[in-house]
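# Coordinates in review
What follows is each chain in one-letter form.
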Amino acid sequence: MTTAARTGERTRIVRRPRDVAMVAGGTAALVLSSLAVHPDRVSGAETAVFHAFNSVAVLPFAVVWPIMQLGNVLVITCAALVAAGFRQWRLAAGLLLAGAGVYLLAKQVKGWWPRGRPHGLLSDVVIRGAPALGRGFVSGHAAVVTSLLVVAWPWLNRPARIGAAALACAVCLARVYVGAHLPLDVLGGAALGLAIAGGVRLVLGHPA
């Protein structure tokens, strides 16, 4: 965390126009990605991108699985507890609010734009680990990890930002790699996470 973050609530709290842009941009990206989502078919372009990541064995599942868990709903509580351990109460509240909110909203989005998992829509899908069940659009893992990253961003220094962003991207790519999601599922999830996190930053504010 930054020196400013370690000083706690004495830091000047602001709300930026970029927070509004995150809400608008995330919402727009979610809607745009949903336009190409169909319950019974997948476009050729999305199929090609999916197979490019899914068909090539790069890492064993034992290595990929822990990375994916950074988008697990349990990480929301863990992240908030870490923030509370540093006495960053505003950050802890933001992580809980954004994480829980995006997790619940992702379930609603799955009902608005129903689409199955890759193995139910495409052939030659490589399943690594247990097959994912339920609807695919959007990726809850991508939504959760993106929301936590965006909320925590103002409290992180440059190295921490780079590391956290790399891990968030790894979670999104891992969901395609293991055959759990199609590319637009991940893109839509990340867009949802961005929009919700931007809203939380507007409501609670963040360090200048």
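Scroll up a little and you will see the structure.
Computed from a predicted model, the values in this text were never measured in an experiment. (Residues numbered from 1 in each chain as written. Predicted model: local features only at pLDDT ≥ 70, side-chain atom pairs only at ≥ 80, totals over all residues. Heavy atoms only, no water.)

## A closer look at the nonpolar core
The biggest cluster of nonpolar side chains holds 28 residues, and the ones touching the most others in it are Leu-30, Leu-91, Leu-95, Phe-137, Val-138, Val-151 and Leu-192. Every element with two or more residues in this core is listed here: helix 2 (17–35), helix 5 (73–85), helix 6 (89–112), helix 8 (140–152) and helix 10 (183–204). A total of 7 residues in this core trace back to one element, the largest contributor, which is helix 6. Counting 9 residues, the second largest nonpolar core, distinct from the first, contains Phe-50, Leu-122, Val-125 and Val-186. (Core = buried A, V, L, I, M, F, W, Y, C linked by side-chain atoms within 4.5 Å. Buried < 20%, exposed > 50% of the residue type's maximum accessible area, 1.4 Å probe, protein only. Helix = DSSP H or I, 4+ residues; strand = E, 2+ residues; numbered from the N terminus.)

## A short note on a nonpolar patch on the surface
The grouping of Val-56, Val-58, Leu-59 and Val-63 at the surface amounts to a nonpolar patch, some 330 Å² of accessible area in total. Locating Leu-59 in the fold gives a position in the loop between helix 3 (44–54) and helix 4 (61–68). (Patch = residues over 30% accessible without salt bridge, like charges linked within 9 Å, V, L, I, M, F, W, Y side chains within 5 Å. Areas by Shrake-Rupley, 256 points an atom, 1.4 Å probe, with all protein chains shown as cover. Salt bridge = Lys/Arg side-chain N within 4 Å of Asp/Glu carboxyl O.)

## Here's the deal with empty space enclosed by the protein
Applying the stated criterion across every chain yields a total of 2 cavities of 30 Å³ or more. Counted as a void, the largest cavity has a volume near 50 Å³. Those elements that place two or more of their residues in the lining of the largest cavity are helix 6 and helix 10. Here the residues of the lining of the largest cavity are counted per class, giving 5 nonpolar, 3 polar and 2 charged. (1 Å grid on protein atoms, 1.4 Å probe; cavity = no way out; pocket = protein on both sides within 12 Å on 5 of 7 lines; lining within 4 Å. Points joined across faces, edges and corners; volume = space filled by probe spheres on them. Nonpolar A, V, L, I, M, F, W, Y, C, P; charged D, E, K, R; others polar.)

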